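# Survey of secondary and tertiary structure
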Amino acid sequence: MAGSSGEKKHYTSMCRMCDNRCGINVYVENGRIVEITGLKEHKWNHGRLCVKGRLGVDLVNAPDRILKPLKRVGGKWVEIDLDQAYDEIAEKIKKIQATWGNRAMGVWKGEALGFLTQEQLSRRFIHAIGSPNYFSNDSQCFVSRWIGYALVTGDWATQDFINSDCAVIWGSNPPYSQPNLTQSILKGRKNGGKLIVIDVRLSAIARQADEFIQILPGTDGALALGIARQLIEDNTICHTFIEKYTLGYKAYAHYAKEFTPERVEKETGIPAETVVQLARLIGSCRPRVCIYAGNGLEHHENGINNIRAIACLDGLLGNLDEVGGNFTAERPNLRNLALYKEKPLRHLGPIGADKFPVLYDFRQECHTMSLMDTILSGTPYPLKGMILGGANPALTNPNTPKVIRALKSLDLFVVREIFMTETAELADYVLPGATYLEQSELHYHPIHQIIGLSPEIVTFPDCDNEYIFWKKLASRLGVEDYFPWEDKDALNKWILKDTGITVEKLFNHPEGYEYKPRHFHKYKEKELPTPSGKFEFVSSYLKEYGYPCLPEYIPPTYMSEPDPSHPYILVTGARKVFYTHGRNRNFKRCRTAIPGPDIEIHPIDAEKLEVKTGDMVTVTSTVGSMDIPVKVVHSSNILPGVTQITHGWKESNVNLITHDDRNDPISGFPLMKSVEVKIERKADEVNK
Ligand SMILES: Nc1nc2c(c(=O)[nH]1)N[C@H]1C(S)=C(S)[C@@H](COP(=O)(O)OP(=O)(O)OC[C@H]3O[C@@H](n4cnc5c(=O)[nH]c(N)nc54)[C@H](O)[C@@H]3O)O[C@H]1N2
Ligand SMILES: Nc1nc2c(c(=O)[nH]1)N[C@H]1C(S)=C(S)[C@@H](COP(=O)(O)OP(=O)(O)OC[C@H]3O[C@@H](n4cnc5c(=O)[nH]c(N)nc54)[C@H](O)[C@@H]3O)O[C@H]1N2
Ligand code: SF4
Ligand SMILES: [Mo]
């Protein structure tokens, strides 16, 4: 382990315990990281560090950390030499390629790895070896929100909360999921802005809101169209923006007419007069309105069109790229490591691209749910080998039993991990990963348009960083030319080459270097990056693929075809402040704070089911069953008939009962947030 002995050394870096990359101070004593604090000068977190940020110390020093390469031999783990592990893995990949073809190999990048260099390296590797099969957590995270917005505006917008007159937090709970974003939201409110929260549950952010709108799961599109109708009727819309910069307004306005307050009440459970008041409040604040769409909108069969309907509101409000509105960030001009231009491989049939071409068009991303079927069935072609890092799909992907069957049946399954997770347990080889404190990486913050560089602070002998891992494997497979940089520093220099920013400059600016000042109303100078160059209320691109061009509202299945044998609606995955998905369950201080899983149940339902807090229930969907203790919540927290279970608990894994094959037809995102379930008091509890 590197680092000098005796004195306490100080480094500045960026936290990667979640995706927010807050600025941090890292203190090293005797070669060991001993403390992490928030970096005051950083524009994003201003010195604050959330509880998870502090856990970086626990992560890097964890006693149960994997520090040696492991190979499964006769059902047991055996430590092996690192070079031998690389040699054996490379030989097995070659065998798969020779027998089944290059596309029989895949890579999978999880949420724990960076979306810039680390993601691009795995994309680069898989294309370098001739396969189009890049997978990630993004076939169930964020990308459907991004596609929903990109279909309308050409891009994702960030929010200028601080200068906003009205913040709408829609299907998101930032105090738990993005603690430091919450500071900007609350600052905007302190400056006189209104805070509106649209959620299924009385979340932490909803408790602080001026208006909390409690909605039935998966019905958000109807509300968005109802707001649109009211804004149009009240004439609180931006005519200049609509006339000059949009496409399809007439058809959209005509369609929105159907969403009268009474219809919206029927669809969403929100009283008709609340819908009118909500639209009037938002309309009165335009154009300084921020709308943030969260993960709560994604895991539904109608997710994309619900999100599109929300995105369309920007066209009416004229808040797009507006001070205090939804701001479109300009990205830094970094060189991209992926090889989609140099070596396009779509003709090889990336898995899931036939079924979900929009996902592939927008993201060059394969579909992890289709992957499981492909592995198990061998169709449309065999997929036999997978290299996975920073993910734990045996806990986080829907339909766990299928995930386990599929991953277990691979000829070669390599997992790069910090801990022996549920997924690592299925592997043939587990290689020790290097944490974010053990490698340098470039990061940027779109909201402030700043770029930063995290340094390598400590190292462990067998924990190769992401670049070295791919480079070593590439050189054994004869594609070393794609990985010519000597080390990560050389790689960072190459990535920065066209930016005018140097590694030295970044080291001198630990608070982040502003690569471009923020600049508003860009659409006035340059067309929007949509097919028409305009803000698209209608999408002819979608029509070409056979989807409706308007953001048509389709009610969730539990509304249109209620299933009396599964009468409850289960929402999953509401974030907990101490845990990131399946992570941190092995840290004592997290377990002390939040000891275990529970299902949130309304008091009326608890009475019907004859259960109280702490009782065990069995929750069953058409996919399977799971057991979990009950938490009876306050009657204002959740609607009767609706329940919630957070994912990531091994002892009560909610993905045992979520759907991998009921997908949004455009994005392919799985149904995990309006799942029809049956709840029964557990038999042995009844007999007690
Ligand atoms: N039911 C339900 N399921 C969900 C969701 C939901 O709302 N409901 N949400 C989904 C969403 S949005 C997402 S993003 C996915 C996330 O799902 P995954 O991508 O599977 O992410 P994690 O579960 O966080 O797994 C990250 C793993 O990486 C390991 N790790 C941590 N740091 C490093 C590192 O530096 N290097 C390496 N190699 N490994 C590291 C951790 O130990 C952990 O096991 O979960 C999804 N699953
Ligand atoms: N502590 C912690 N932070 C995290 C993560 C973590 O696991 N733990 N994960 C990270 C990742 S990968 C992601 S994607 C983000 C997600 O971050 P967010 O987008 O903020 O997601 P959540 O915090 O789960 O909040 C989603 C909210 O949507 C509500 N909801 C569920 N279904 C619906 C619906 O149909 N309509 C509406 N209107 N609301 C609904 C839920 O009740 C919940 O309050 O968080 C990131 N940050
Ligand atoms: S929000 Fe917390 S976990 Fe996420 S980067 Fe910031 S300090 Fe780290
Ligand atoms: Mo996510």
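Here, every reference points to the structure presented above.
Residues numbered from 1 in each chain as written. Chains lettered and ligands numbered in written order. Predicted model: local features only at pLDDT ≥ 70, side-chain atom pairs only at ≥ 80, totals over all residues. Heavy atoms only, no water.

With that out of the way, let us pick up the site of ligand 2. Around ligand 2 there are 33 residues in total, and Ser172, Ser177, Asp199, Asp220 and Tyr579 lie nearest to it. In this structure, an oxygen atom belonging to ligand 2 sits 2.7 Å away from a side-chain N or O atom of serine 172. The separation between a nitrogen atom of ligand 2 and a polar main-chain atom of isoleucine 198 is 3.2 Å. Elements represented by at least two residues in the shell around ligand 2 include exactly α6 (174-177) and β10 (194-199). Class assignment for the residues of the shell around ligand 2 results in 11 nonpolar, 13 polar and 9 charged. (Near = heavy atom within 4 Å. Polar contact = N/O pair within 3.5 Å; in protein donor to acceptor, adjacent residues only side chain to side chain. Helix = DSSP H or I, 4+ residues; strand = E, 2+ residues; numbered from the N terminus. Nonpolar A, V, L, I, M, F, W, Y, C, P; charged D, E, K, R; others polar.)

Before going further, it helps to spend a moment on the nonpolar core. For soluble globular proteins, nonpolar side chains are generally found buried alongside one another. Grouped together as the largest cluster of nonpolar side chains are 92 residues, with contacts concentrated most on Trp170, Leu223 and Leu313. Sorting elements by how many residues they give to this core places helix α13 (residues 303-317) first, with 9 residues. Formed by 51 residues, the second largest nonpolar core is a distinct cluster that contains Ala104, Tyr340, Leu453 and Ile501. (Core = buried A, V, L, I, M, F, W, Y, C linked by side-chain atoms within 4.5 Å. Buried < 20%, exposed > 50% of the residue type's maximum accessible area, 1.4 Å probe, protein only.)

In the structure shown here, the tally under the stated rule is 0 disulfides. Not engaged in a disulfide, the cysteine cysteine 285 finds its nearest cysteine sulfur in cysteine 166; these two sulfurs lie 4.4 Å apart. (Disulfide = S-S within 2.5 Å.)

Between helix α11 (residues 261-268) and helix α12 (residues 272-285), the least distance of the axes is 8 Å, while the angle of their chain directions is 110 degrees. By the angle between their directions, the pair α11 and α12 is classed as roughly perpendicular. In terms of crossing hand, the pair formed by α11 and α12 is right-handed. Seen from α11, the contacting residues are Pro261, Glu262, Val264 and Glu265; seen from α12, they are Ala272, Val275 and Val276. (Axes fitted to C-alpha atoms, helices over the stretch in contact; angles between N-to-C directions. Parallel < 35°, antiparallel > 145°, perpendicular 65-115°, else oblique. Left-handed = near helix turned anticlockwise from the far one by under 90°. Contact = heavy atoms within 4.5 Å.)

Pairing in this open sheet of 7 strands is mixed, and the strands run β5-β4-β17-β16-β15-β6-β7 from one edge to the other. Edge positions in the sheet fall to β5 (76-79) and β7 (134-136), since each of these pairs with one other strand and no more. Put simply, the sheet's adjacent strands are angled 20 degrees from each other on average, direction ignored. Both strand β4 (residues 70-73) and strand β17 (residues 429-432) contribute to a ladder of 2 bridges, which runs antiparallel. Across the sheet, lysine 71 pairs through a bridge with tyrosine 429, a residue of β17. Running at roughly 160 degrees to strand β15 (residues 385-389), helix α18 (residues 466-476) makes contact with β6 (105-109), β15, β16 (412-417) and β17 of the sheet. (Pairing = 2+ DSSP bridges.)

Every other side chain in a regular strand lies on the same face of the sheet, so the side chains alternate between the two faces. Across the 6 residues that make up β16, a large majority, 6, are buried. Where burial is concerned, the two faces of β16 agree: the one with Leu412, Val414 and Arg416 and the one with Phe413, Val415 and Glu417 are both buried. Where β15 meets β16, 5 bridges bridge the pair, whose relative direction is parallel. Bridging across to β16, leucine 388 finds its partner in valine 415. Two elements, β16 and β17, share 4 bridges in a ladder whose sense is parallel. Across the sheet, the residue bridging to valine 415 is valine 430, located in β17.

Let us now look at the packing of aromatic side chains. Aromatic ring pairs are defined here through the distance separating the ring centres and the angle between the ring planes. Tallied over the entire structure, the rule returns 27 aromatic pairs. When the centroid spacing of 5.7 Å and the interplanar angle of 80 degrees are considered together, the rings of phenylalanine 241 and phenylalanine 535 count as edge-to-face. Here phenylalanine 241, found in helix α9 (residues 239-245), pairs with phenylalanine 535, found in strand β21 (residues 535-536); they are 294 residues apart in sequence, far enough to count as distant. Judged by its relative accessible area of 3%, phenylalanine 241 falls in the buried class. Assessed through its relative accessible area of 0%, phenylalanine 535 is described here as buried. (Phe/Tyr/Trp six-rings, centres within 6.5 Å; stacked < 30°, edge-to-face > 60°.)

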